[in-house]
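Here are the chains, one letter per residue:
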Amino acid sequence: CQSLLVTPSYCDASRLAVFGPELARDLAKHQQNIRWVIADDGSGDGEVSALETLAAQFRRDYPHIEVYASPQRLGKGGIIHKYGTTIPAEAGLAF
């Protein structure tokens, strides 16, 4: 069973830069079957670019990271719901 970790983000690249490296190392260390999705909630192209750059850095430690970008603001619950449904229902969900 694959689990999904959704990190919702709205103009939060600078915050993710602080805790993201440690999270990536911890995910790698524990060798769980977890897909990490960084879900941008309509922040705009510059912010999405920054998230993509961070994700590329984090993938050096943990390769199962994806960035999804919503074209419009959905709110924290909306963005989690939208991207939390991208894997089969039997998988776990955390955020």
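Now for a look at the structure at hand.

Conventions adopted
- Residues numbered from 1 in each chain as written.
- Predicted model: local features only at pLDDT ≥ 70, side-chain atom pairs only at ≥ 80, totals over all residues.
- Heavy atoms only, no water.
- Phe/Tyr/Trp six-rings, centres within 6.5 Å; stacked < 30°, edge-to-face > 60°.
- Helix = DSSP H or I, 4+ residues; strand = E, 2+ residues; numbered from the N terminus.
- Buried < 20%, exposed > 50% of the residue type's maximum accessible area, 1.4 Å probe, protein only.
- Lys NZ or Arg CZ within 6 Å of the ring centre and 35° of its normal.
- Pairing = 2+ DSSP bridges.
- Right-handed = clockwise from strand over helix to strand, strands pointing away.

### Examining the packing of aromatic side chains
- Going through the model one piece at a time under the given rule, you end up with 1 aromatic pair.
- Look at Trp-36 and Phe-58: their rings are 5.6 Å apart centre to centre, the planes differ by 5 degrees, and that puts the pair in the stacked class. Here Phe-58 lies in helix H2 (residues 45-58) and Trp-36 lies in strand E2 (residues 34-41), a separation of 22 residues in the sequence.
- On the accessibility criterion, Trp-36 (0% relative accessible area) is buried.
- Judged by relative accessible area, Phe-58 falls into the buried class, the value being 3%.
- Directly above the ring of Tyr-10 sits Arg-73, whose terminal nitrogen or CZ lies 3.8 Å from the centroid.

### Topic: the pairing of strand E3 (residues 65-70)
- For E2 and E3, the ladder comprises 6 bridges, and the chain directions are parallel. Bridge pairing links Ile-38 to Val-67 in E3.
- With H2 bridging E2 and the parallel E3, this β-α-β connection has right-handed handedness.

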